[in-house]
Amino acid sequence: MIELKYLSKTFQMKDGAVKALQNINLTIPDGSIYGIIGMSGAGKSTLVRCINCWNAPPAQRGDRRRGYGDLSPASLRKRRREITMIFQQFNLLMQRTCLKNVCFPMELAGVKKAEAEKRAMELLEMVGLPDKANAYPAQLSGGQKQRIAIARALATNPRCCCATRLPVRWTPTPPTPS
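Residues numbered from 1 in each chain as written. Predicted model: local features only at pLDDT ≥ 70, side-chain atom pairs only at ≥ 80, totals over all residues. Heavy atoms only, no water.

Colleague: Go over the overall build of the protein with me, naming the residues and quoting the values.
Modeller: For the protein, the count of helices and strands is five helices and four strands. Starting at the N terminus, the α and β elements of the protein follow one another as β-β-α-α-β-α-α-α-β. Expressed as a percentage of the 178 residues in the protein, the buried residues total 37%. Nonlocal contacts in the protein, meaning residues at least 24 apart in sequence, comprise 59% of its contacts between residues at least 6 apart. Taken as a whole, the protein presents about 10,900 Å² of accessible surface, with 54% of it coming from carbon and sulfur. (Helix = DSSP H or I, 4+ residues; strand = E, 2+ residues; numbered from the N terminus. Buried < 20%, exposed > 50% of the residue type's maximum accessible area, 1.4 Å probe, protein only. Contact = heavy atoms within 4.5 Å. Areas by Shrake-Rupley, 256 points an atom, 1.4 Å probe, with all protein chains shown as cover.)

In structure tokens form, the structure reads like this:
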């Protein structure tokens, strides 16, 4: 479950302070799908970045799960692996194939290469792009890049996956039993 209590986030700019979030209270039960909607500049991306521990709110004001303001660097990395992100611009590594892009978070997590490649192929199958395993991001359409980004975000079996833009035209294909 994701639980936010009295979450506030202020950014200091050269012309003064900007309150991006103010006293946000939110509970999202496990297994739920929620959308955060609002006008441009309303703080949606900041909220998502607080949920996935990339934008830390002040420790005394933000409480996400058990809080994270005082986590050690190793614990914070572990938490970030549990909460992945599908970026608005996809952030695929252009010098890596689609398969290697999906393997990348598993590589960082120390997963053995053969196991990572097997999992990556399962995910490419799920997003309907097993035939693009050896293609590079520059060879893909925007929708295909988005699906590779989704596969990469799911690679480490996260507890939560956040996105700032939802995939509009994608229905997951269940993996074929092996």
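Colleague: Kindly report on the packing of aromatic side chains, identifying the contributing residues and their values.
Modeller: Using the criterion set out here, one finds zero aromatic pairs in the structure. Directly above the aromatic system of Phe-11 lies the positively charged group of Lys-9, at a separation of 5.3 Å from the ring centroid. (Phe/Tyr/Trp six-rings, centres within 6.5 Å; stacked < 30°, edge-to-face > 60°. Lys NZ or Arg CZ within 6 Å of the ring centre and 35° of its normal.)

Colleague: Please set out the pattern of salt bridges residue by residue, giving values where relevant.
Modeller: Inspection of every chain in the model, using the stated rule, returns four salt bridges. Close ionic contact of Glu-107 with Arg-96 constitutes a salt bridge, the shortest N to O distance being 3.1 Å. With Glu-107 in helix H3 (residues 98-108) and Arg-96 in the loop between strand E3 (83-86) and H3, the pair connects residues that are eleven residues apart, well separated along the chain. For Glu-107, a relative accessible area of 46% puts it in the partly exposed group. Glu-117 is the salt-bridge partner of Lys-100, the closest N and O atoms lying 3.0 Å from each other. Of the two residues, Lys-100 sits in helix H3 while Glu-117 sits in helix H4 (residues 113-126), which places them 17 residues apart along the sequence. Using a relative accessible area of 30% as the deciding quantity, one classes Lys-100 as partly exposed. (Salt bridge = Lys/Arg side-chain N within 4 Å of Asp/Glu carboxyl O.)

Colleague: Requested: an account of the side chain of Arg-96, with residues and values cited.
Modeller: A residue is classified by how much of its surface remains accessible, and Arg-96, at 19% relative accessible area, is buried. If near-sequence neighbours (up to four positions away) are discounted, Arg-96 is found in contact with Asn-101, Phe-104, Glu-107, Tyr-136 and Pro-137.

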